[in-house]
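Coordinate analysis (summary)
So you can see what is in the structure, the chains are spelled out below.
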Amino acid sequence: MTEDVERLLIQFKDEGGEVLGSPFDVPIDITPDKLQLVCNALLQKEEPLPLAFFVNEAEIVSSLASALEGQALETERVLDIVYQPQAVFRVRAVTRCTSSLEGHTEAVISVAFSPTGKYLASGSGDTTVRFWDLNTETPHFTATGHKHWVLSIAWSPDGKKLASGCKNSQIFIWDPNTGQQTGKVLAGHTKWITYLCWEPLHLNPECRYLASASKDCAIRIWDTVLGKCDKILTGHVQSVTCVKWGGDGLLYSSSQDRTIKVWRAQDGVMCRTLQGHAHWVNTMALSTDYVLRTGAFEPAEATVNLQDMRGSLDELKEKALQRYNNVRGQGPERLVSGSDDFTLFLWTPAEEKKPLCRMTGHHALINEVLFSPDTRLIASASFDKSIKIWEGKTGKYLTSLRGHVSAVYQISWSADSRLLVSGSSDSTLKVWDVKTQKLSTDLPGHADEVFAVDWSPDGQRVASGGKDKCLRIWRR
């Protein structure tokens, strides 16, 4: 006679708390695979979705029983199980360096893949911007024009233009197909450019406007078609460190005056000032950053041979808007800021000026912070050699990824939110598996500090650059 397995009443809910189906009873040793079958049957989608299940905020990894260990159980009560759809595709971890691209004669300060991952650009201290051919992994164009270090580069979300800003306070717009400058030089800032950000594709499919932040305490919005400054947003009293153009028509700027300001993009009116940090605010990330960066490109539909996005402006706009709404979900955009005061703050800047959460734990200044593409996690990189992972909705601390032996400069998520790559001053890159919270692969190869790292939106490649003047491309 087999002994009776204890059974429980469970109820599926989505992240928003919406109930799915009615409660039913299951054996307590049910596995996530079986829960997946049941849940997908209730969801009635054509394609079954990969799902993750959580009970009382703990993930069900091997079985329901092991997730409930040490928790007081009431068999009379219905147990809520929250299901989270995961990315339908999987990005494989990069494991080897396929090319080391020489060409820059000074340190590589920034690397960025275009929104579809078709082009790769890098900005350097040798005053040039270089475009690289990813099919052959060779240098493609060298864009010259800047007179000083290229500090910041940004792709337009349609992938047809690259903006670069230099220490000489000029901004150039380049065409990746020819490597030539398009339009006029955008001049007006009186000190160097710290950050560039384009208007989101679903707000303007022409990708006409560009926002720039500068050490001169101002943010400027440029009309790149006419080549002139459209608006100047002033209010910060020290260098502006970062500017983000949100998907709901708001601009966010962080500054060394310890504040973050929220502006209305269409008329440049300042809506509110977010205060709380006790030192310079270095970095910001929006929960919708990834979807705004990729525009109409869906990583799940990526092909091996990369193409530009095709379609009329309206089609691209529609697709980008649909993707944005999916990612944004019900609530407003969330913003996370990292500072020299060793803390992060999580805000909903469109709604209120009080932070949702103050996130402490780093022992040194925070260099970069990023939301995962599915917005569920936040990763922060710090000079304390660690990367910390936080919950994206609440800001709750989850884990620390340790392994670097020196400051971590930049991080980048894989498109499926399962992996994270980090570049450090210890000259290595490391790929982390976020689910197991462990190091997936260690990537030595650079001869000196790694300043910049980016994971292509199609998931195929990681690019890194740094003090050794080499650009390296890593693949699986």
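Heads up: the structure comes first, above all this text.
Counting restarts for each chain: residues are numbered from 1 in the order of the written sequence. Given that the model is predicted, a residue must reach a pLDDT of at least 70 before its local features are reported, and side-chain atom pairs must reach 80 or more before they are shown or counted; all residues, however, enter totals for whole chains, interfaces and linings. Excluded from the side-chain calculations are hydrogens and water; all other atoms, namely the structure's heavy atoms, are used.

Regarding the overall build of the protein
Helical segments are the DSSP runs of H or I of at least four residues, strand segments are the runs of E of at least two, and each set is numbered from the N terminus. Per the secondary structure count, the protein includes four helices and 38 strands. For a compact globule the rule gives 2.2 Å times the number of residues to the power 0.38, and the radius of gyration it is set against comes from C-alpha atoms. On C-alpha atoms alone, the protein measures out to a radius of gyration of 23 Å, which is about the 23 Å that the 2.2 N^0.38 rule sets for 476 residues. If you line up the protein on its principal axes, its C-alpha atoms span 85 × 50 × 50 Å. Each residue is placed in one exposure class: buried if its accessible area under a 1.4 Å probe, protein chains only, is under 20% of its type's maximum, exposed if it is over 50%, and partly exposed if it falls in between. The buried share of the protein, taken over its 476 residues, is 56%.

Considerations on the pattern of salt bridges
A side-chain nitrogen of Lys or Arg and a carboxyl oxygen of Asp or Glu constitute a salt bridge if their distance falls within 4 Å. The full count for this structure, using the stated rule, is 19 salt bridges. Between D223 and R208 there is a salt bridge; the shortest N-O distance is 2.9 Å. Taken together, the residues span a long stretch of sequence, with D223 in strand 18 (residues 218-223) and R208 in the loop between strand 16 (193-198) and strand 17 (209-214) at a distance of 15 residues. For D223, a relative accessible area of 3% puts it in the buried group.

Description of the pairing of strand 28 (residues 366-371)
Counting buried positions along strand 28 gives five out of six residues, so the element sits mostly inside the fold. Strand pairing follows a simple DSSP-based rule, namely that at least 2 bridges must link the two strands. Across five bridges, strand 28 lies against strand 29 (residues 377-382) in antiparallel orientation. Along strand 29, the bridge assignment pairs I366 with S382. Once strand 28 ends, the chain turns through five residues before running back antiparallel as strand 29, passing T375 with a positive phi of about 65°.

As for helix 4 (residues 313-328)
Think of an α-helix as turning once every 3.6 residues; residues three or four places apart then point the same way. Under the 1.5 Å per step criterion, the end-to-end length of helix 4 is 22 Å for 16 residues, consistent within 8% with the ideal 22 Å. Those residues of helix 4 lying buried are L316, A320, R323 and Y324. The arc that holds every buried residue of helix 4, seen down its axis, measures 100°, which confines them to one face. Seen from the buried face of helix 4, the exposed residues on the opposite side, beyond 90 degrees, are D314, E315 and N326. Contact definition: two residues touch when any of their heavy atoms are within 4.5 Å. Each element contacted by the buried residues of helix 4 is listed here: helix 3 (289-294). Two residues or fewer past helix 4, G329 is found with a positive phi of approximately 70°. In a helix, the anticipated span is given by 1.5 Å times the number of residues less one. Note that the arc is defined by the directions from the helix axis to the C-beta atoms.

Brief notes about the packing of aromatic side chains
Note on ring pairs: Phe, Tyr and Trp rings are taken, using the six-membered ring of Trp, and paired if centres are within 6.5 Å. Classes follow the plane angle, with under 30 degrees stacked, over 60 edge-to-face and the rest tilted. Summed over all chains, the structure comprises 10 aromatic pairs. Measuring from ring centre to ring centre gives 5.3 Å for F345 and W347, while their planes differ by 35°; the resulting arrangement is tilted. Each member of the pair, F345 as well as W347, is classed as buried. Ring geometry for F383 and Y409: centres 5.9 Å apart, planes at 70°, overall edge-to-face.

Some points on the sheet that holds strand 3 (residues 51-55)
Each strand in a sheet pairs with another by means of backbone hydrogen bonds, the pair being arranged parallel or else antiparallel. With mixed pairing, five strands are arranged side by side in an open sheet as 2-1-5-3-4. Lying at the two open borders of the sheet, with one neighbouring strand each, are strand 2 (19-27) and strand 4 (58-59). Here strand 3 pairs with strand 5 (residues 79-85) via four bridges, running antiparallel. Among the inter-strand pairings, A52 is bridged to a residue of strand 5, identified as Q84.

Comments concerning the state of the cysteines
Note: disulfide means a covalent bond formed between the sulfur atoms of two cysteine side chains. Disulfide assignment relies on a single distance test, namely cysteine sulfur atoms paired within 2.5 Å. In the structure shown here, the tally under the stated rule is zero disulfides. In this model C166 remains outside any disulfide bridge; the closest cysteine sulfur is found in C229, 16 Å from its own. Exposure remark for C166: the relative accessible area of 0% places this residue in the buried category. No disulfide involves C357; its sulfur sits 20 Å from that of C242, the nearest cysteine. Given a relative accessible area of 18%, C357 falls into the buried group.

As for the nonpolar core
Grouped together as the largest cluster of nonpolar side chains are 20 residues, with contacts concentrated most on I10, F12, L35, F53, I60, L64 and I81. If sequence neighbours within four positions are ignored, L35 has contacts with I10, F12, I30, F53, I60 and I81. We define the nonpolar core as a collection of buried residues of types Ala, Val, Leu, Ile, Met, Phe, Trp, Tyr and Cys that are connected through side-chain atoms lying within 4.5 Å of one another. By size, the runner-up hydrophobic cluster in this structure holds 17 residues, among which are A93, V94, V431 and V453.

Re the sheet that holds strand 8 (residues 119-124)
Spatial strand order, 7-8-9-10: four strands in an open sheet with antiparallel pairing. Across the chains shown, the open sheet's two edge strands, defined by having one partner strand only, are strand 7 (108-113) and strand 10 (138-143). The sheet shows a mean angle of 25° between the axes of neighbouring strands, direction not considered. Pairing of strand 9 (residues 129-133) with strand 10 involves five bridges; the strand directions are antiparallel. Angles here are taken between N-to-C directions and fall from 0 to 180 degrees, while the axes themselves are lines fitted to C-alpha atoms, restricted in helices to the stretch in contact.

Considering the environment of S156
Among the secondary structure elements, S156 is positioned in the loop between strand 11 (150-155) and strand 12 (162-166). Expressed as a C-alpha distance, the spacing of S156 and I173, which sit 17 residues apart in the sequence, is 9.9 Å. Once you skip the residues sitting within four places of it in the chain, S156 turns out to touch P115, K161, W198 and C207. Polar contacts, as counted here, are pairs of nitrogen or oxygen atoms within 3.5 Å of one another; within protein the pair requires one atom able to donate a hydrogen and one able to accept it, and residues that are adjacent in sequence qualify only if both atoms are side-chain atoms. Within the local environment of S156, its side chain forms a polar contact with the side chain of D158, the two groups lying 2.6 Å apart.

A word on unusual backbone geometry
Negative phi characterises most residues that are not glycine, and trans characterises most peptide bonds. In the Ramachandran plot, C207 falls in the positive-phi region, its phi being about 50° despite a non-glycine side chain. Phi angles above zero are rare outside glycine, and K385 is one such case at about 75°. With respect to the secondary-structure elements, K385 resides in the loop between strand 29 and strand 30 (386-391).

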